[in-house]
Amino acid sequence: MYYNNLFSPIKIRGMEIRNRVEFPAMGTKMLNGSKYVTDQLINYHVARARGGNGINFTEVCSVYEKASPKNFLAISDDKYIPGLKKLADAIHEAGAKAGVQLWLGGSAVMFSGDTDVNVVLPSEFKVGDDYVIPGASIEVIKECIAAFGKAAKRAVQAGYDAIEFHAGHNYTPHSFLSGAFNKRTDEYGGTLENRGRFLIECIESIRNNIPEDMPLFMRIDAHDDCLEDGLTIEEVIEFCKSAKKAGVDVLDVSRGNFSSAAIKYEVPPVDLPRGFNVENAARIKKETGMITVAVGRINAPEQADEIIRSGKADMVVIGRAQLADPEFCNKAMNGKIEDIIRCVGCNQGCYDGYASPEVPFITCMRNPALGREAEYGLLKTDSPKKVLVIGGGVSGLEAAINLKDIGHNPIVCEASDSLGGQFVLAGAAPRKGEMKEAAISMGEMAKRKGIEIRLSTVVTPKVIEEINPDVVIVAVGSEPINLKVSGADLENVTNSHDVLSGKVNISGKVVIIGGGLVGLEVAEYISGKADKITVIEMLDQVAKDLGQLRKICVMENLFAESINTITNAKCIEIKESSVVIDNKGSIEEIECDSVVVSIGAKSRKFNEISDYCDKNNIKYYTIGDAVRARRALNCIAEAVEVARQI
């Protein structure tokens, strides 16, 4: 067995977990608008339990029926027990322990879309100009405390091995504990002891309703970020000592709140360093003497093993890394590290998918089977086909790997001398090296699977004739859109692709035309090399194509690097030493030495290929950016779907 520290068992009270890996509570939207466990949710959990995970926690589970929103699990009534039991039994059968996370959502309930539920807060909260949510009455506080106990009792009846009390992330308990939100003047506000009173009474209520040998976890923020009068780590440590006396066994040390930019710490994107919160967990473990779980961009087995080996934590949360690869633990345990499909912290499918009303449930750029575990079970083909895949970017590679696994014979032809395409280019941007590594890893995986790969091969009708495929997949990708203004062909004008690939070096005063993701990445990439950088964007804001959490990080870095952005502005002419813009009707001239055009990408033409296929009755599919330039999430999902169709 590899990584012996990570995959050693741990005993907490009467529960022994087979390893130190926790699959945490994460919102899924897999409840079909209800509050009940669904088969989809069960399949999702079972895949990770079978994949070798130690303990699975349900996503947040409402304890108080009056504040229990739709599309969130509930344990606030006996009617929810059968479904929760079915989930626990399935996790057990798959080899893992099962935990339920008890939740009272506070102001998060306002954003659930369910307007028929109460919002429980310590102090009044102004919503808009003329509506104020009152602070909870003593009667409501006592009802909530009792509700936690009753919910814990139901968790025992449903067969769960452990309970986690959620006391972080801006939810009701955290709001009571933090001086940033709690402005009460009674026994539940003021001093740290008083602010913590509600939480201690909830913990005691839970402990009084579960067996003595059942472990109680508590999710807690290490400290408050971006909040005036917020919790310090010293206050959190002091409170955790009291929680230990009240019956908490394990501290699940998280970070973040949704009332500020600190929401980026809750689902940390690639911009944040891997393991950014581990030292906080280590300090809290040392000063409380409690079993501690480290959280925050822990996505590699060697990283996780070192955290346990060094004594910084007793367990680790590996969440999104198990969304990307449900077999993460089994592969790591058996030393198949190169086969792990790595999470790259893009947040496109998990957080952005959860936040988007158009997306039915979470997904993953690296794993389109997420949430479709039952229907995406791999079926071997009875009629293998020779499939020519034109393009060795991530879409083409994903299609080829899936085709090979199904039993077909893919041949990948790539026009350049390397694999990975735009994903490798994206990995050149600051803080995105993991994306480049992922693209390279996909190419290496394709080679290990025995897929024939032909580099520096431009596919022509002659090449198709020589290969003689049964099916063709066109994954030729996209190319930069040219700016159609006077001066766009001057020598001082280049495009984002050439800058990020290192073909062109930029210095002096630089104007970037286009303030989407790629344009801003170019701005950060050349920061430190250029003397002054100005980004021109036609829309009313830059970074409109970024998800919320990545946008927070990118905007913070633009500010730190003093990169200037001008919105609602259009480039109308480029001169040898300046750019002319229409800035809300005012014509302005910006002095510059170089201009970088980053106004988007367009699909590469492949008429010669499609004409040949049509003429010779060869079935062909078009995927990825060859259809239209989009997010990698959509392109990779499309590649898998086409491979399954073939």
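What counts, and where the lines are drawn
Residues numbered from 1 in each chain as written. Predicted model: local features only at pLDDT ≥ 70, side-chain atom pairs only at ≥ 80, totals over all residues. Heavy atoms only, no water. UniProt positions renumbered as here; feature names shortened; annotations may be inferred. Helix = DSSP H or I, 4+ residues; strand = E, 2+ residues; numbered from the N terminus. Buried < 20%, exposed > 50% of the residue type's maximum accessible area, 1.4 Å probe, protein only. Contact = heavy atoms within 4.5 Å. Expected span 1.5 Å × (residues − 1). Arc of directions from axis to C-beta. Domains from an automatic or database assignment. Buried area = accessible area lost by both parts, 1.4 Å probe. Salt bridge = Lys/Arg side-chain N within 4 Å of Asp/Glu carboxyl O. Polar contact = N/O pair within 3.5 Å; in protein donor to acceptor, adjacent residues only side chain to side chain. Nonpolar A, V, L, I, M, F, W, Y, C, P; charged D, E, K, R; others polar. Core = buried A, V, L, I, M, F, W, Y, C linked by side-chain atoms within 4.5 Å. Pairing = 2+ DSSP bridges. Axes fitted to C-alpha atoms, helices over the stretch in contact; angles between N-to-C directions. Right-handed = clockwise from strand over helix to strand, strands pointing away.

Per an unreviewed UniProt entry, the protein goes by the name 2,4-dienoyl-CoA reductase and belongs to Clostridium carnis. In UniProt, the protein has this text filed under Sequence similarities (unreviewed entry): "In the N-terminal section; belongs to the NADH:flavin oxidoreductase/NADH oxidase family."

Engineer: What's the story with the environment of A313 in this structure? I'm lost.
Structural biologist: With respect to the secondary-structure elements, A313 resides in the loop between α9 (301-309) and β14 (315-317). With a relative accessible area of 2%, A313 lands in the buried category. Measuring from C-alpha to C-alpha, the distance between A313 and I291 comes to 7.4 Å, with 22 residues separating the pair along the chain. Those residues in contact with A313 that sit more than four places away from it in its chain are K285, T292, V293, A294, I307 and I308.

Engineer: What's the story with helix α7 (residues 233-246) in this structure? I'm lost.
Structural biologist: Owing to its 3.6 residues per turn, the α-helix brings residues three or four apart onto one side. In a regular helix each residue adds 1.5 Å, so 14 residues correspond to 20 Å; α7 covers 20 Å between its end C-alpha atoms and thus fits that length. Within α7, the full set of buried residues consists of I233, V236, I237, F239, C240, A243 and A246. Mapping the buried residues of α7 onto a view down its axis gives an arc of 170 degrees, with all of them on the same face. Contacts from the buried residues of α7 go to α4 (172-177), α5 (192-195), α6 (197-207), β11 (216-221), β12 (250-254) and α8 (278-288). Backbone geometry just after α7 places G247 at a positive phi near 130 degrees.

Engineer: Looking at this model, I keep getting lost on the UniProt feature "domain: NADH:flavin oxidoreductase/NADH oxidase N-terminal" (unreviewed entry) in the protein. Mind explaining?
Structural biologist: Mapped onto this numbering, the UniProt entry gives "domain: NADH:flavin oxidoreductase/NADH oxidase N-terminal" (unreviewed entry) at residues 6-335. This span, residues 6-335, is 34% helix and 16% strand, and a straight line between its end C-alpha atoms measures 13 Å.

Engineer: Explain the domain arrangement of the protein here, please?
Structural biologist: How big an interface is tends to be stated in terms of accessible area lost as the parts join. Entries for the protein in the domain assignment read domain 1 (10-263), domain 2 (386-480 + 603-645) and domain 3 (493-599). On a C-alpha basis, the centres of domain 2 and domain 3 stand 31 Å from each other. Summed over both sides, the interface between domain 2 and domain 3 buries roughly 940 Å², with carbon and sulfur atoms accounting for 58% of that surface. Area buried by domain 2 at its contact with domain 3 is led by L425, R431 and P480, which between them contribute 48% of it. Our count for the contact surface shared by domain 2 and domain 3 stands at two salt bridges. Between K432 and E521 there is a salt bridge; the shortest N-O distance is 2.5 Å. At the surface where domain 2 touches domain 3, the tally comes to three residue pairs in polar contact (both at pLDDT 80 or more). Taken together, the residues of the side of domain 2 that touches domain 3 break down into five nonpolar, one polar and three charged.

Engineer: What is the right way to read the side chain of T534 from this model?
Structural biologist: Relative to the helices and strands, T534 is located in strand β22 (residues 530-536). Residues in contact with T534, not counting those within four places in the same chain, are V510, V511, I512, N564, I566 and I590.

Engineer: Honestly, the nonpolar core in this entry has me stumped. Any pointers?
Structural biologist: If you look at soluble globular proteins, the nonpolar side chains tend to sit buried side by side. Counting 101 residues, the largest nonpolar core has L102, I163, F165, F198 and M218 as the members making the most contacts within it. If one sorts the elements of this core by residue count, helix α3 (residues 138-157) sits on top with eight residues. Contacts of I163, omitting those with residues within four sequence positions, involve F57, V100, L102, A152, A155, I206, I210, M214, P215, L216 and F217. If you look at the next biggest cluster of nonpolar residues, it comprises 34 residues, including M365, L397, A446 and A643.

Engineer: It is not clear to me how the environment of R50 should be interpreted in this structure. Could you clarify?
Structural biologist: By the element assignment, R50 lies in helix α1 (residues 39-50). Note on R50: relative accessible area 60%, which makes it exposed. The sequence separation of R50 and N330 amounts to 280 residues, and the corresponding C-alpha distance is 8.5 Å. Excluding residues that lie within four positions of it along the chain, R50 makes contacts with A94, E327 and N330.

Engineer: Hey, could you run me through the UniProt feature "domain: FAD/NAD(P)-binding" (unreviewed entry) in the protein in this one?
Structural biologist: Following the UniProt record, one finds the feature "domain: FAD/NAD(P)-binding" (unreviewed entry) at residues 385-605. Helix makes up 32% of residues 385-605 and strand 29%, whereas the separation of the span's terminal C-alpha atoms amounts to 26 Å.

Engineer: Teacher, can you tell me more about the pattern of salt bridges here?
Structural biologist: A side chain of one charge can pair with a side chain of the opposite charge when the charged atoms of the two come close. This model, assessed by the stated rule, comprises 39 salt bridges. Across the pair K312 and E279 runs a salt bridge whose closest N-O atoms are separated by 2.7 Å. Of this pair, K312 sits in the loop between α9 and β14 while E279 is found in helix α8, placing the two residues 33 residues apart along the sequence. Here R283 ties to E287 by a salt bridge, and the two come within 2.8 Å at their closest N and O atoms. Here the residue R283 and the residue E287 both occupy positions in helix α8, the gap between them amounting to four residues, near one helical turn.

Engineer: Even after reading the chapter, I still don't get the sheet that holds strand β21 (residues 508-513), so can you show me in this structure?
Structural biologist: Backbone-to-backbone hydrogen bonds join strands into a sheet, with any given pair of strands oriented parallel or antiparallel. Reading across from one edge, β20-β27-β21-β22-β23 is the order of the five strands in this open sheet, with parallel pairing throughout. Edge positions in the sheet fall to β20 (493-495) and β23 (564-566), since each of these pairs with one other strand and no more. Strand-to-strand twist across the sheet, computed as the mean angle between neighbouring axes with direction ignored, equals 25 degrees.

Engineer: Explain the sheet that holds strand β15 (residues 386-390) to me, please; I cannot follow it from the model alone.
Structural biologist: Ordered by their spatial adjacency, five strands build an open sheet running β17-β16-β15-β18-β29, and the pairing between neighbours is parallel. For this open sheet the edge positions go to β17 (452-454) and β29 (619-622), each flanked by a neighbour on one side alone. The mean angle between the axes of side-by-side strands here comes to 20 degrees, regardless of whether they run parallel or antiparallel. Pairing of β15 with strand β16 (residues 409-413) involves five bridges; the strand directions are parallel. If you follow V387 over to β16, its bridge partner there is P410.

Engineer: Help me out: how do you make sense of the side chain of S478 in this one?
Structural biologist: Among the secondary structure elements, S478 is positioned in strand β19 (residues 478-480). Residue classification places S478 among the buried residues on the basis of a relative accessible area of 2%. Not counting residues within four places of it along the chain, the set of residues in contact with S478 comprises Q422, A601, K602, S603, R604, D625 and A629.

Engineer: I'm lost on the pairing of β12 in this one. Help?
Structural biologist: Regular strands have side chains that alternate between both faces of the sheet. Among the five residues in β12, five count as buried, and that is most of the element. Neither face of β12 is open: one carries V250, D252 and S254, the other L251 and V253, and all of them are buried. Here β11 runs beside β12; their pairing, made up of five bridges, is parallel. The residue of β12 that forms the bridge with F217 is V250. Once the chain exits β11 it traverses α7 before rejoining the sheet at β12, and the crossover so formed is right-handed.

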